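One letter stands for each residue in the lines below.
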Amino acid sequence: MEEEDFKNDALSKDSESTDDDDDRTPRKTNPKASGEDKGVLKLSQNQKKSVRFEDKANTGNSGLVKEDIYGRLRDEKGNIVKESGAFVPPGKRSQQQATQNEGLDALKSQISRIINRLHDRQMQLFSSQMQNLFQVYSRADVSETLANEMLKDSVRNEPLKRNRAMDSVLLLAVLHSKIGNEVSGVFLELLVLKFNEIFETLKDEDGANTENQMENAALLLCQLYDFKIIDSHLIFCIMEKLIDRFFIKDVHLLVVFWKEVGLSLRKGDSKAFKNIYLRIMEAISKVDKALAHKRMLALQLSEILLAVKNNNPQKLPREDEEGFESRQKLLKALLSDSVSPPFHVSLNDLLSAEQKGKWWLVGSAWTGADADLNQLQSSNVEKSIVSLKVDGVDLTKLAQKLHINTDVRKKILFAIVSADNYRKAFENVMKLNLPRRQDGEITYVIKILYKKGKGNPFYAHLAEIFRKHHKRFERLLGDLEGRIKKKMGD
């Protein structure tokens, strides 16, 4: 018994001494015997406890972390908190990167194959193939790859044929309405940035007439306007920038713009056309007579502008005009009802998209820290007053009087009543971009206004435009047509 007690006392002292040694200095172990690799940090029990305690302390403040509108976690100071996910080994990480690169390479090869074979006769096939790619890959990857491949194929030193430019933009126009405007938005931004980059590199008259990249980009911009992906605002902004410098290259680009889309620009915005026309004529009068080539281009530009001003299309021959009309019909057949409105964006908006945001896609942009908030608030108040009162008539009271209570019907009512004529009223209603299931709301408001207006022909003409716009309005406005004919017969 005494020997057993002596052994137990000795074992307890040994365990106490080893615990003390663990607290002071780590014990040397043989890595081969333990089966552990060299360089692995071993922690004592107290160190492990301290690490666990720090983790608990950090997780205790999780209630102070909030999620912003983009789904990112932020702390009290607004800093982004990085979430600690599962550890991915470097080998597996490289494999994931390799598979992702292989997928992008396969996407690039498929899109380049479609672009190389692009033709208007098989546009339905190519557009369906592109829509399938959008279902397989992410939209951002497909949009960026498509934009880069199109720029590589079109904006080059060799002259771009008009048929090739029309086929490329026709595919974009189909995807613009079928998939979404972000597809053509990415291409438009890259195209304008490329155009501005080449524009800034030309510093004098000598090097301003060398390559065809800017002419190709200008031709693509004209086709984007012709196929209603952009409106005239961007074209006029680019023209103003060319007039400010007015090198030989700039005059040649102005000739391209006015020859391609001059008549439609004059028809679309006559006031902007008048201002640009006067500025160009003033710049032409200041051209040095010693520059013979520039003088000749300026005279050619003045003749084209005069033909546009007099609305004389015979002096503005365009290559393959019949091909453009056939592609317009093909686009209308492919889109049927799904038509997206064009981009109303300026040149400065596209050049400052990285700093201020893409409001034409997102719906909002950063105005800057120097914006006058009071001015913004006053302008918003004025807009609200204008939108609620037309010719002294309070539209909100008018809506209550007509028993139009829902927000959709109020928007339709305001769009119709605030128009100067029935064509403008039709355009205002179309700009609301109402879904097809709400066509009944449009016809309801028109019928109410026609009834309360005691047979005002304004609403009869408006109903006729809607009936010609699409067949589905014939069924919805059929009874109204009968009443109109009966009243006209009486």
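Residues numbered from 1 in each chain as written. Predicted model: local features only at pLDDT ≥ 70, side-chain atom pairs only at ≥ 80, totals over all residues. Heavy atoms only, no water.

A. Main features of the overall build of the chain. Counting its secondary structure elements, the chain contains 25 helices and 4 strands. Counting every position in the chain, which comprises 490 residues, the buried fraction comes to 35%. A fraction of 70% describes how many contacts in the chain between residues 6 or more apart in sequence connect residues 24 or more apart. Roughly 31400 Å² of accessible area belongs to the chain as shown, and the carbon and sulfur atoms make up 50% of that amount. (Helix = DSSP H or I, 4+ residues; strand = E, 2+ residues; numbered from the N terminus. Buried < 20%, exposed > 50% of the residue type's maximum accessible area, 1.4 Å probe, protein only. Contact = heavy atoms within 4.5 Å. Areas by Shrake-Rupley, 256 points an atom, 1.4 Å probe, with all protein chains shown as cover.)

B. Layout of the nonpolar core. Residues M130, L188, L221, L224 and W258 are the most contacted members of the largest nonpolar core, which totals 94 residues. Leave out the neighbours within four places in its chain, and L224 touches V169, L172, F187, L188, L191, I229 and I230. (Core = buried A, V, L, I, M, F, W, Y, C linked by side-chain atoms within 4.5 Å.)

C. Up close: the packing of helix α5 (residues 123-136) against helix α6 (residues 139-154). For the pair α5 and α6, interaxial distance at closest approach is 7 Å and the crossing angle is 140°. Accordingly, the angle class assigned to the pair α5 and α6 is oblique. In the packing of α5 onto α6, the handedness of the crossing is right-handed. Along the contact surface, α5 presents M130, L133 and F134, while α6 presents R139, V142, S143 and L146. (Axes fitted to C-alpha atoms, helices over the stretch in contact; angles between N-to-C directions. Parallel < 35°, antiparallel > 145°, perpendicular 65-115°, else oblique. Left-handed = near helix turned anticlockwise from the far one by under 90°.)

D. Just empty space enclosed by the protein, in detail. Under the criterion given, the structure shown has 1 cavity of 30 Å³ or more. Breaking the lining of the largest cavity down by element, the ones donating at least two residues are α8 (181-201) and α10 (232-245). (1 Å grid on protein atoms, 1.4 Å probe; cavity = no way out; pocket = protein on both sides within 12 Å on 5 of 7 lines; lining within 4 Å. Points joined across faces, edges and corners; volume = space filled by probe spheres on them.)

E. A look at the pattern of salt bridges. Evaluation of the coordinates by the stated rule reveals 13 salt bridges. Linking E200 and K241 is a salt bridge whose minimum nitrogen-to-oxygen distance equals 3.6 Å. Linking E200 in helix α8 with K241 in helix α10, this pair joins segments that are 41 residues apart in sequence. According to the relative accessible area criterion, E200 is partly exposed, its value standing at 38%. The salt bridge partner of E441 is R409, with a shortest N-O separation of 2.5 Å. One end of the pair, E441, is in helix α22 (residues 439-452); the other, R409, is in helix α20 (residues 407-417), and 32 residues separate them in sequence. Under the relative-accessibility criterion, E441 is labelled partly exposed at 23%. By sharing partners, the salt bridges in this structure join D120, D167 and R327 into a single network. (Salt bridge = Lys/Arg side-chain N within 4 Å of Asp/Glu carboxyl O.)

F. Inspection of α6 at higher detail. With 16 residues, α6 extends 22 Å between its outermost C-alpha atoms, agreeing within 8% with the 22 Å of an ideal straight helix rising 1.5 Å per residue. If you check which residues of α6 are buried, you get V142, S143, T145, L146, A147, E149, M150, L151, D153 and S154. (Expected span 1.5 Å × (residues − 1).)

G. Structural detail: the environment of L160. Along the chain, the position of L160 falls in the loop between α6 and α7 (162-178). Along the primary structure L160 and N212 are separated by 52 residues, whereas in three dimensions their C-alpha atoms are 8.2 Å apart.

H. Just the environment of A140, in detail. Within the secondary structure layout, A140 lies in helix α6. Looking at A140, the relative accessible area reads 44%, which means it is partly exposed. On a C-alpha basis, the gap between A140 and E182 in space is 8.7 Å, while along the polypeptide they are 42 residues apart.

I. A look at the environment of V183. Residue position: V183 is located in helix α8. Given the relative accessible area of 1%, V183 is considered buried. On a C-alpha basis, the gap between V183 and V142 in space is 8.4 Å, while along the polypeptide they are 41 residues apart. Excluding anything up to four places from it in sequence, V183 contacts F134, S143, L146, L172 and L175.

J. Seen up close, the packing of aromatic side chains. The tally for this structure, following the rule as stated, stands at 4 aromatic pairs. Note on F227 and F324: the rings are 5.8 Å apart at their centroids and 75° apart in plane angle, and the pair reads as edge-to-face. Pair noted here: F227 is in the loop between α9 (213-226) and α10 and F324 is in helix α14 (residues 321-335), with a separation of 97 residues, a long-range link. For the pair F227 and F324, one class covers both residues: buried. Judged by centre distance (5.0 Å) and plane angle (75°), the rings of F426 and F466 are edge-to-face. (Phe/Tyr/Trp six-rings, centres within 6.5 Å; stacked < 30°, edge-to-face > 60°.)

K. Structural detail: the side chain of K294. Counting through the fold element by element, K294 comes out in helix α13 (residues 292-309). We classify K294 as buried; its relative accessible area is 9%. The contact partners of K294, leaving out residues within four places of it in the chain, are E205, F246, F247, I248, V251 and V287.

L. Layout of the confidence of the model for the chain. Averaged over all residues, the pLDDT of the chain equals 76, while 70% of them reach at least 70. Between residues 10-63, whose pLDDT stays under 50, and residues either more than four places distant or in other chains, the model counts 5 contacts. For residues 369-387, every residue scores under 50 in pLDDT, and the model assigns this stretch 2 contacts once sequence neighbours within four places are set aside. (pLDDT = per-residue confidence, 0-100.)

M. Quick look at unusual backbone geometry. Phi angles above zero are rare outside glycine, and F246 is one such case at about 60°. Counting through the fold element by element, F246 comes out in the loop between α10 and α11 (248-268).

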